[in-house]
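In case you want the letters, here they are:
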Amino acid sequence: MAEAVSAASVPAAAPRPAFGIGPDGTYTKPGQAAAFVLGVLTMFAFLPLMVVAALLYTKAETVFPEDPARARTLVNWSWISITVPVAIAVIAVPLFMALAG
């Protein structure tokens, strides 16, 4: 006879990792490269946000074992912190050059 599978015996689905983060909570190789490039660009565009991004990711590493969903949120905010200034710079620099010239 076939046994019924109870909901308690089925493990919960693992949360989807954040961009550049593997299932174990560490950076993937593409994630490391993207973080380095965006971090360097952010350093030139807006240094304080690079510090914020580093602090958020460091906190995510410590939170990951207990709360992967919270760690994912922290990592996503870290990515936003280093991506937004670069996007603003990519838009603002050509605009400024066009208006100045």
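All of these numbers come straight from a predicted model, not from anything done at the bench. (Residues numbered from 1 in each chain as written. Predicted model: local features only at pLDDT ≥ 70, side-chain atom pairs only at ≥ 80, totals over all residues. Heavy atoms only, no water.)

1. Description of the overall build of the chain
When helices and strands are counted, the chain shows three helices and zero strands. The helix and strand sequence of the chain, counted from the amino end, reads α-α-α. The buried share of the chain, reckoned over its 101 residues, is 23%. Counting contacts in the chain only where the partners sit at least 6 residues apart, residues at least 24 apart contribute 61% of the total. Accessible surface, the chain: about 7,300 Å² in total, of which carbon and sulfur atoms supply 74%. (Helix = DSSP H or I, 4+ residues; strand = E, 2+ residues; numbered from the N terminus. Buried < 20%, exposed > 50% of the residue type's maximum accessible area, 1.4 Å probe, protein only. Contact = heavy atoms within 4.5 Å. Areas by Shrake-Rupley, 256 points an atom, 1.4 Å probe, with all protein chains shown as cover.)

2. Topic: the confidence of the model for the chain
Regions with low pLDDT should not have their predicted coordinates read in detail. On average, the chain scores 79 in pLDDT, and the residues at 70 or more come to 80%. Per-element confidence in the chain ranges from a low mean pLDDT of 80 for helix H1 (residues 29-45) to a high of 88 for helix H2 (residues 47-63). (pLDDT = per-residue confidence, 0-100.)

3. Observations concerning H2
Here H2 contains 17 residues, and its C-alpha end-to-end distance of 25 Å stays within 8% of the 24 Å for a straight helix at 1.5 Å per residue. Regarding H2, the residues found buried are Ala53, Tyr57, Ala60 and Val63. The arc that holds every buried residue of H2, seen down its axis, measures 120°, which confines them to one face. (Expected span 1.5 Å × (residues − 1). Arc of directions from axis to C-beta.)

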